[in-house]
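Report on the structure
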Amino acid sequence: MQRIYSLITLVFLSFTSFSQDYTVRGFIYDKSNGEPMSFEKIKVLKLDSSIVAGAVTDLNGFFSIPKLEKGNFLLKVENFKYEVAIQKVEIKEGKKIYDLKFELIKKDVVKELDEVKVSADNKTKRTEIEISKLKLDQKGLERIPSYGAENDIVGAFSVTPGVVTTGDQGGQLYVRGGTPIQNKVLLDGMTVYNPFHSIGFFSIFETELVKNVDIYTGGFESKYGGRISSVMDITYRDGNRQEFGGKVSASPFLAKLVLEGPIGKKNADGSPRAGSYIFSAKHSLLDYTSKTLYPRINDGNGLPFNFTDLYGKVTFTADGGSKFSAFGFHNQDSVNYSVADLNWDASGGGINFLMVPSGSPIFIRGHVNGSNFQTTFAETALEPRFSKIGGFDLGFDFSVFLKNESEMNYGFNLSGFNTQFVTYNEAKRKIEANNFTTEIGTYFNYRKVTNRWVIQAGMRVQVYASLNTISPEPRLGLKYNANENLRFKFSGGRFSQNFTSASSDKDVVNLFNGLLSAPTNVQEQFVNEFQKIKNTKNGLQYAWHAILGFEYDLGKNITFNVEGYYKYFSQLSNINQNKLYEDVAQFEQIDDVFKKDFILESGQSYGVDFLVKYNKDRWFLWGVYSLGKNTRWDGFIEYFPVFDRRHNINLVGSYLFGKKKDYEVNVRWNLGSGLPFTPNAGFYQGETFQGGVTTDYVTNNPTTTSTLLGSFNSQRLPAYHRLDVTFKKQFVFKNKTSMELIASVTNVYGRNNIFYVNRVTGEEIYQFPILPSFGLSYKF
């Protein structure tokens, strides 16, 4: 690894040495807690205050301003919540790189004037592609209505343009035609195999720890690989490096605890200490509260959900900004219905580091982590299903900052995982697999920024070593800044992934979502929807994305965004619901599609998303309308998958009121057109031929009744809609602690949204009814 790093560094040092003059770089921290300040704007001024250059810090609070000339300059950081920070730099012959550190001091009294606020958002709009991307921080997450008086990332993800959720109980999130297994979820660089709990309201993530969330619904850049639909990249903050603190909260749904504090000796100058720790724990309380508080649910048996999440991290930061952190986690979930039990747990950990080599223009990030996930699903009168995955990931990322916010990134990662699973198809044929797979991914990404254009070209090469397959994946992003308010943008590329779900896209409700590597037990030839014959050797999944749109600023506070997208899933792998025979020599004359464990499919997803966002002082408004169509081709028929929702509307509103803005009300309304389902065509008495070939099927009268199904997913369920409201009141005490009271109502008007219909009796089981809740939190 040392030789690889040295070689790559040498190549790019030689490249940049011809173009580099002088560089000023450094970090910006909040002095009160030592936290790096992300997306903060910094200016380089001459002594007469004229602007020479500028930059915006990244998630690590890092900035780099290259191509400066010799002379005396002032570096200035302005934020309306902090005192203005200015440092003088004298650039002279003999030294190429100058390292700085800013520690911003909070003002005692903050007067929020719109003309004083200097937001980095306006800068990044013109210098980054930002297509099919939603960026949120902790404050943004907390302004979306909460479920059960507890804020969660699920709320933000579910109102993202192009995202469809299939329900409240065990509901899954589908992104512009991609299934849950095709969405990559990262926590500080580590892949999370199952980010959402069975109840559908909560994820494994702790909102109090969230520093930043980037959600890509398609067309993502080359540094991301291994998934063909979307990426959700979550970054946690570090613990407080100045003082001990934390938060405790409780509601009928769950209780949680967050603790954080410094590690190391106090510094004489009052600057943050070198180390910190942070710990969070949450546990569901529904086992104890739901029968009493929600007697209308589940015939008075309450909500059968139970989960626990634990997370801890320690971080050490050097004076020059280099940083090392180690973390660990454990998640557990179980749901016990009257007819089925689902249990899963996950655990793991890893280390992350960033390095700022002295005298080198390259910024280095690295990670190594490992985790495992296992789940079991047992249904009445059926064989239990099981899935387990364990793996590791090692990766390095390198960045070189160029003039005018241009940037060059490259890196590589090595990962390996083993999978075990057992399941059954509709014909009750057993399907099982045990595999170990290794992957190597390398990427290069270059972003060029000019006055009008932003061009981002990248290439990723994904090597599936265990499958003897190499996947070249070009990526391209473009943005044209027509004027200060209007910007056109495009992105596209090729994507691949190894993972396959142990459930089928044809399943109406399936709580079991096991994972396995790309199957090799697939048909040798596949005829796609265009009647082209394709020779196949494994079940790797591939997709092409093309996204085109524009964004327009209707003033300082209103943004209008429109994006049209097309995703072609050229190869998908699914559980073979058509399997009738074992794949043995006895049945060699039978077509592969009737004896292979898995079947290859293809599909198309296309549509348009509209987003209107208003954010000013006390108000936050968010409106989304999505029009989409999704189809799948399994070699026999073209069908609508269970997540094909033609129309989807999400309206979110938040308002702060009171002189101190200590009251807040949040409202969210969701309307989705009906999802497809397969209707009953009739019933018949199924002959079991208990007497063998001598059975008289003319006079025999079977006692069992079977259901005859109609055309697959040919009809639609009723529309889904729900209104959620949250009210908050905050109390700030003299000792700088605070308390927050939260009252929320989920499904305010008690809409009966369909969850499940018994095909024989016609009994309808609904999603959650009205769910009022009350919560209390105390931050110290």
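Throughout what follows, the structure given in this document is the object of discussion. (Residues numbered from 1 in each chain as written. Predicted model: local features only at pLDDT ≥ 70, side-chain atom pairs only at ≥ 80, totals over all residues. Heavy atoms only, no water.)

**Some words on the packing of aromatic side chains**
Two aromatic rings are characterised by how far apart their centres lie and by the angle between their planes. Note the threshold: Any Phe, Tyr or Trp ring, taking Trp's six-membered ring, that has another such ring centre within 6.5 Å forms a pair; planes under 30 degrees apart are called stacked, those over 60 apart edge-to-face, and the others tilted. Runs of H or I in DSSP of at least four residues are treated as helices and runs of E of at least two as strands, each being numbered from the N terminus. When a residue's accessible area, from a 1.4 Å probe over protein chains only, is under 20% of the maximum for its type it is buried; when over 50% it is exposed; and in between it is partly exposed. Lysine and arginine charges are scored as sitting over a ring when NZ or CZ, respectively, is within 6 Å of the ring centre and within 35 degrees of the ring normal.
Under the criterion given, the structure shown has 43 aromatic pairs. Aromatic side chains Y236 and Y311 sit 4.9 Å apart centroid to centroid with 90 degrees between the ring planes, which places their arrangement in the edge-to-face category. You can see Y236 sitting in strand β14 (residues 230–236) and its partner Y311 sitting in strand β18 (residues 305–317), a full 75 residues away along the chain. A relative accessible area of 4% means that Y236 is categorised as buried. What makes Y311 buried here is its relative accessible area of 5%. Ring centres of Y655 and F657 lie 6.0 Å apart, and the angle between their planes is 10 degrees; on these two criteria the pair is classed as stacked. In this structure F657 comes out as partly exposed when scored by relative accessible area, which is 27%. Site record: aromatic cluster; members linked through ring pairs are F201, F202, F253, F305, F307 and F768. The aromatic ring of F569 is capped on one face by R632, whose charged end is 4.9 Å from the ring centroid. The residue whose ring lies beneath K729 is F731, and the NZ or CZ to ring-centre distance is 4.9 Å.

**With respect to the sheet that holds strand β12 (residues 190–191)**
Note the cut-off: Here a strand pair is declared whenever DSSP counts at least two bridges between the two strands.
Here we have five strands laid out as an open sheet, ordered β8-β13-β14-β11-β12, and mixed in their pairing. Each edge of the open sheet is held by one strand with a lone partner, namely β8 (133–136) and β12. As judged from the six bridges shared by strand β13 (residues 210–216) and β14, these two strands associate in the antiparallel manner. Directly across from V210, in β14, lies its bridge partner Y236.

**Here we look at the pattern of salt bridges**
Side chains that differ in sign of charge can pair as their charged atoms come close. Filter applied, for reference: For this document, the term salt bridge refers to a Lys or Arg side-chain nitrogen within 4 Å of an Asp or Glu carboxyl oxygen.
For the structure on display, the rule yields 34 salt bridges. D99 serves as the salt-bridge partner of R25, at 2.5 Å between the closest nitrogen and oxygen. In this pair, R25 sits in strand β1 (residues 22–30) while D99 sits in strand β7 (residues 97–104), placing the two residues 74 residues apart along the sequence. In this structure R25 comes out as buried when scored by relative accessible area, which is 3%. A salt bridge links R722 to D724, with the nearest nitrogen and oxygen atoms 2.8 Å apart. A residue is classified by how much of its surface remains accessible, and D724, at 1% relative accessible area, is buried. Taken together, the salt bridges that share partners define one network made up of K125, R176, K479, R487, K489, E551, D553, E563 and D609.

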